[in-house]
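What follows is each chain in one-letter form.
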Amino acid sequence: MAVPLTATMSSPTSRPAFSAGEPPLRWGCDEEGGAPYCFKRQAARGFERVGFEVEIVGELQKRLGRPIEFTQYPFDNLVPGLKKKDFDLAMNGLEVTADRRREVSFTRPYYLYRQQLVVRKGEARFADYEAMRKVLPRARVGTMDGTAAERLLAAAGFEVAGYPAPTEAYRDLGLGRLDAVLLDLPMAVSYAAKDPALEFAGAPFAPGRYAIAVHPDSAELRLSLNKALDGMISDGSLKASQSWYVGLQWDKAFAEANALGFAFGQPVFATSLSGDA
């Protein structure tokens with residue numbers, strides 16, 4: 001179901017002026033367990049949709065002069081759904097991978113991420129990902145279906161447990177059903193960092209890029225999105241996002257990753273990258 005984005009923005013903004021007769025663009029995204037990208041939180045009247053990608057989309061629709069409507073879609077089916085043209089663009093912490101680039105087109109990258117291994121508090125068998133590979137090569141590791149982390153784990157020979165949402169993976173880790181969970185750092189910060197039963201194992205690693213995906217036939221839309229993203233990065237609009245802070249707790253545990261250039265508290269945008277993702 002498509003939902004008008006303008007009714008659910010996380011910060012008060014005036015309704016953009018759109019060209020008369022311009023059809024809305026449909027944004028495919030999974031808000032179930034979608035923090036910090038796109039998720040719902042309690043508001044004065046029910047729930048509101050928030051997240052730094054919600055704010056990016058809000059800015060995009062102003063620059064494109066077209067409304068963008070939210071369409072709920074399972075994360076692991078975003079690429080098939082885009083190929084079927086169930087929506088016009090997919091943005092949901094969608095990692096640029098070689099297999100996805102064979103099926104859809106990506107805009108310029110707008111965010112750099114890394115993977116973060118999470119374990120139960122007091123885990124003594126291994127201290128980080130590389131140590132886990134050595135001492136527990138058949139470890140049962142949870143992750144989300146259709147992610148770069150899933151591909152990384154499978155290639156390394158781990159027993160991969162796929163989940164539709166990060167909340168379920170971290171829950172099973174806490175219950176002792178998994179040896180570890182590997183997910184993109186933004187999700188680890190949003191869900192695992194606040195859990196007293198869990199802790200980060202080692203520093204973030206395996207950098208990658210997020211970008212907006214469009215159908216291969218949508219060359220004009222891709223060019224328009226690239227132009228808008230370039231402008232947003234140039235004038236600092238992207239860095240103004242405040243949803244990155246929603247529900248997150250920052251402390252000295254993240255100092256090392258900050259030093260690596262993946263500072264928390266604000267998205268790290270791919271300002272040094274140009275062209276395609």
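Residues numbered from 1 in each chain as written. Predicted model: local features only at pLDDT ≥ 70, side-chain atom pairs only at ≥ 80, totals over all residues. Heavy atoms only, no water.

Student: Sorry, what's going on with the packing of helix α6 (residues 166-174) against helix α7 (residues 185-192) here?
Tutor: Packed helices, taken two at a time, are described by the angle their axes make and the gap between the axes. Taken N-terminus to C-terminus, the directions of α6 and α7 make an angle of 60°; their axes are 10 Å apart at the nearest point. Taken together, α6 and α7 sit at an angle that is classed as oblique. Note on packing geometry: the crossing formed by α6 with α7 is right-handed. Taken together, the residues of α7 that come into contact with α6 (itself represented by Pro166, Thr167 and Tyr170) are Met187, Ala188, Tyr191 and Ala192. (Axes fitted to C-alpha atoms, helices over the stretch in contact; angles between N-to-C directions. Helix = DSSP H or I, 4+ residues; strand = E, 2+ residues; numbered from the N terminus. Parallel < 35°, antiparallel > 145°, perpendicular 65-115°, else oblique. Left-handed = near helix turned anticlockwise from the far one by under 90°. Contact = heavy atoms within 4.5 Å.)

Student: Where do I start with the packing of helix α1 (residues 52-64) against helix α8 (residues 219-235) in this structure?
Tutor: Two numbers describe how α1 lies on α8: the axes approach to 10 Å, and their chain directions differ by 115°. As the angle between them shows, α1 and α8 are arranged roughly perpendicular. The crossing of α1 and α8 is right-handed. The segment α1 lies against α8, with Ile56, Glu59, Leu60, Arg63 and Leu64 engaging Ser224, Leu225, Ala228, Leu229, Gly231, Met232 and Asp235. Residue composition of the contact of α1 with α8, grouped by class: 7 nonpolar, 2 polar and 3 charged. (Nonpolar A, V, L, I, M, F, W, Y, C, P; charged D, E, K, R; others polar.)

Student: Explain the side chain of Asp172 to me, please; I cannot follow it from the model alone.
Tutor: Residue placement: Asp172 occurs in helix α6. Assessed through its relative accessible area of 7%, Asp172 is described here as buried. With residues near it in sequence (within four places) discarded, Asp172 still touches Tyr163, Arg177 and Leu178. (Buried < 20%, exposed > 50% of the residue type's maximum accessible area, 1.4 Å probe, protein only.)

Student: Would you take a moment to explain the environment of Ile68 for this structure?
Tutor: Locating Ile68 in the fold gives a position in strand β5 (residues 68-72). Separated by 41 residues in sequence, Ile68 and Trp27 place their C-alpha atoms 6.4 Å apart.

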